Amino acid sequence: MPGFIANTEDIPVVLLAGGRSSRMGANKAFSLLGEESLLARIAARIAQRQMKPIALNADTDWPDTMGMDLVPDRIPGKLGPLAGVLAAMQDTTLRYPHASHVATLPIDSPFFPLDLAPRLAQAIEGPNEIAIAASLSQDHPVFGLWPVSIAADLGTWIVSDEKRRVRDFLARHQVRRVDFAAVETPIGPLDPFFNINTPADLIEAEKWLAALESMP
Ligand SMILES: Nc1nc2c(ncn2[C@@H]2O[C@H](COP(=O)(O)OP(=O)(O)OP(=O)(O)O)[C@@H](O)[C@H]2O)c(=O)[nH]1
């Protein structure tokens, strides 16, 4: 039986790429993992699945966007990932007037599951529901599928709630959690949502990358 979203393979996807990268000390998007930037790796992964492209979502000028559109946050001031989610919803309404939902993923997770957007879409059972990814008993709400119908609620909440914690916003809505399995590698199970915030995380990511590349 088809779920609420009829075509789960045709979901707009927006890459959250604003923020401060304060723990990395420089824009994470251009941090090198192997010989490629995180941005290049994630763009290639998105293209592999032919996800419906894609706007980068940030409020700074970028030297290279890998051919993606740069959509500024509507509310300036680097208010956090939900400011990016809000801009993603608003941009989706303009670009894809028939889309009910938009998927987001962060710029700092290069091993995300290729079936992310359709799996989240399959979990949606009603018009105003959010779906978020989880792995190894942890939620990863920046990997989310957001109904554009709640943009006005998010817009109001984000300027009134000083802490702007994602989990506080989620508590206002019906949320479906979708569990993704760890990826078995020769050096152990890799969390597909492993994310890179610091130079030390980059070193760890190099090990996971080597392990993945050693697999047939
Ligand atoms: N568009 C947009 N994206 C954001 C914003 N803040 C964070 N993000 C994105 O949300 C994801 C998670 O961000 P964090 O790692 O929590 O924050 P960060 O600002 O990138 O990094 P830190 O300064 O080290 O905390 C990343 O993909 C960020 O690019 C924002 O204000 N606007």
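Residues numbered from 1 in each chain as written. Predicted model: local features only at pLDDT ≥ 70, side-chain atom pairs only at ≥ 80, totals over all residues. Heavy atoms only, no water.

With an unreviewed UniProt entry as reference, the chain is termed Molybdenum cofactor guanylyltransferase, source organism Rhizobium lusitanum. For the record of the chain, the UniProt heading Subunit (unreviewed entry) holds the text "Monomer." Listed under Sequence similarities (unreviewed entry) in UniProt, the entry text for the chain is "Belongs to the MobA family." (UniProt positions renumbered as here; feature names shortened; annotations may be inferred.)

Trainee: Would you mind going over the side chain of N57 in detail, with residue names and values included?
Mentor: You can see N57 is positioned in strand β4 (residues 52-57). If we skip the residues at most four places from it in the chain, N57 touches V14, L15, L16, A17, G18, V71, D73, G84, V85, A87 and A88. (Helix = DSSP H or I, 4+ residues; strand = E, 2+ residues; numbered from the N terminus. Contact = heavy atoms within 4.5 Å.)

Trainee: Mind laying out the nonpolar core, listing which residues take part and the relevant values?
Mentor: Counting 32 residues, the largest nonpolar core has L15, L39, L105, L116, L120 and L145 as its most contacted members. Mapped onto this core, the elements with two or more residues apiece are β1 (12-16), α1 (38-48), β4, β6 (101-106), α3 (116-123), β7 (130-135) and β8 (138-147). Among the elements that take part in this core, α3 stands out by supplying five residues, more than any other. Those residues in contact with L120 that lie beyond four places of it in its chain are A131, I132, A133, F143, G144, L145, V178 and F180. (Core = buried A, V, L, I, M, F, W, Y, C linked by side-chain atoms within 4.5 Å. Buried < 20%, exposed > 50% of the residue type's maximum accessible area, 1.4 Å probe, protein only.)

Trainee: Any details on the environment of P76? Residues and values, ideally.
Mentor: Locating P76 in the fold gives a position in the loop between β5 (69-71) and α2 (81-95). Exposure remark for P76: the relative accessible area of 62% places this residue in the exposed category. Through-space distance from the C-alpha of P76 to that of I107 is 19 Å; in sequence the pair is 31 residues apart.

Trainee: Please give an account of the UniProt feature "binding site: Mg(2+)" (unreviewed entry) in the chain that cites residues and values.
Mentor: Within this numbering scheme, the UniProt entry marks D108 as carrying the feature "binding site: Mg(2+)" (unreviewed entry). Topologically, D108 is positioned in the loop between β6 and α3. In this structure D108 touches K28, L38, I42, F194, N195, I196 and N197, once residues within four positions along its chain are discounted.

Trainee: An account of the pattern of salt bridges is needed here, citing residue identities and associated values.
Mentor: Applying the stated rule across the entire model yields ten salt bridges. Of the charged contacts in the structure, one is a salt bridge between R119 and D115, with a shortest N-O distance of 3.9 Å. For R119, a relative accessible area of 27% translates into the label partly exposed. Linking R177 and D139 is a salt bridge whose minimum nitrogen-to-oxygen distance equals 2.8 Å. Taken together, the residues R177 in strand β9 (residues 175-179) and D139 in strand β8 connect sequence positions 38 residues apart. Here D139 falls in the partly exposed class, since its relative accessible area comes to 36%. In the salt-bridge network here, residues are joined through shared partners; they are D69, D91 and R95. (Salt bridge = Lys/Arg side-chain N within 4 Å of Asp/Glu carboxyl O.)

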